[in-house]
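Chain residues, written in single-letter form:
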Amino acid sequence: SPDVTTRWSYAVGKLAAEHLALAYSRWFDVVVCLRYANIYGPRDIGEEHIIPYTIHNSLRGDPITLHRGADRRKRTFLHVDDCARGTQMALEKGENGMIFNLGSDEEVTVLELVNRIMEICGARVDISYDAKPVGDPTRRLLDVSKAERVLGFRPEIALDQGLRSTLDWIRNGQ
């Protein structure tokens, strides 16, 4: 089905790019690969992303549609400022051919995330559910131990703090 093809082609495309970069690293000493958790924060205007979508709908009073199983699907999120800092650390401290996962270990279900956003927005809107996409994983949690050990990277911005900064940016007219 198209959902499986879309999901797999996205993952395979990322993996293929990583392998091409690593092949390139055999001849040129310049490659560090980074795998990011769900990045969010100010300037994330894509309403297909759960955080800006939920903030915008909460502020407008529009209902939110989630995929079935949102109370079980766990995700981690990385604030864009932490992402930039971690990327800089990888460029400065990483060695050629290294791969790092940059993310947080603060894991939340999608439904918990939506409820936290509504609370921060001071809003309560209706939530409805549609079919869960085929191939959507129940849990996305990166092992960030290598980035902690080699780079000394730990996220500094807690999820609620990052959600507030994203809300402030949206409220101030983007």
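Structure: above.
Residue indices begin from 1 for each chain and proceed along its sequence in written order. Totals for whole chains, interfaces and linings use all residues, but because this is a predicted model, local features are given only for residues with pLDDT of at least 70 and pairs of side-chain atoms are given and counted only at 80 or more. Where side-chain values are given, they derive from all heavy atoms of the structure, hydrogens and water being excluded.

Colleague: What's the story with the packing of aromatic side chains in this structure? I'm lost.
Modeller: Two aromatic rings, taken as a pair, are described by how far apart their centres are and by the angle between their planes. Any two of the Phe, Tyr and Trp rings considered here, Trp counted by its six-membered ring, make a pair once their centres fall within 6.5 Å; the pair's planes then place it as stacked at under 30 degrees, edge-to-face at over 60, or tilted in between. Scanning all chains against the criterion turns up one aromatic pair. Remark: a charge is flagged as sitting over a ring if the NZ atom of Lys or the CZ atom of Arg is within 6 Å of the ring centre and within 35 degrees of the ring normal. If you follow Lys146 out to its NZ or CZ, it ends over the ring of Phe100, 5.3 Å from the centre.

Colleague: What am I meant to see in the nonpolar core here?
Modeller: In a soluble, globular protein the nonpolar side chains are often hidden away together inside. Ile51, Ile55, Phe77, Leu113, Ile117, Leu159 and Leu163 are the most contacted members of the largest nonpolar core, which has 15 residues in total. Each helix corresponds to a stretch of at least 4 residues labelled H or I by DSSP, and each strand to a stretch of at least 2 residues labelled E; elements are numbered beginning at the N terminus. If one sorts the elements of this core by residue count, helix H6 (residues 159-171) sits on top with five residues. In what follows, a contact means two residues having at least one pair of non-hydrogen atoms within 4.5 Å. If we ignore the near neighbours within four places in the chain, the residues touching Leu113 are Ile50, Ile51, Phe77, Val108, Leu159 and Leu163. Each nonpolar core is a collection of buried residues, namely Ala, Val, Leu, Ile, Met, Phe, Trp, Tyr and Cys, held together in the definition by side-chain atoms within 4.5 Å. Under the scheme applied here, a residue whose accessible area is under 20% of the maximum for its type counts as buried, over 50% as exposed, and between as partly exposed, the area being computed with a 1.4 Å probe on protein chains only.

Colleague: Even after reading the chapter, I still don't get the packing of helix H2 (residues 50-60) against helix H4 (residues 110-121), so can you show me in this structure?
Modeller: Relative placement of two packed helices is described by the angle separating their axes and the distance separating the axes. Put simply, H2 and H4 touch, their axes get as near as 9 Å, and they point 40° apart. With respect to each other, H2 and H4 are oriented oblique. By crossing handedness, the relation of H2 to H4 is classed as right-handed. Here H2 contributes Ile50, Ile51, Thr54, Ile55, Ser58 and Leu59 to the contact with H4, which in turn contributes Val110, Leu113, Val114, Ile117, Met118 and Cys121. Of the residues assigned to the contact of H2 with H4, the class counts are 10 nonpolar, two polar and no charged. The axes are straight lines fitted to the C-alpha atoms, using for helices just the contacting stretch, and the angles between their N-to-C directions are given from 0 to 180°. Just so you know how the angles are binned, under 35 degrees is roughly parallel, over 145 roughly antiparallel, 65 to 115 roughly perpendicular, and the rest oblique. Crossing handedness follows the turn of the near helix against the far one: under a right angle anticlockwise gives a left-handed crossing, and clockwise gives a right-handed one. Polarity classes work like this: nonpolar for Ala, Val, Leu, Ile, Met, Phe, Trp, Tyr, Cys and Pro, charged for Asp, Glu, Lys and Arg, and polar for all others, with Gly in that last group.

Colleague: Teacher, can you tell me more about the environment of Leu59 here?
Modeller: Along the polypeptide, Leu59 turns up in helix H2. On the accessibility criterion, Leu59 (37% relative accessible area) is partly exposed. For Leu59 and Arg154, which are 95 residues apart along the polypeptide, the C-alpha to C-alpha distance reads 31 Å. If we ignore the near neighbours within four places in the chain, the residues touching Leu59 are Cys121, Leu167, Ile170 and Arg171.

Shape descriptors only; they carry no functional weight alone.
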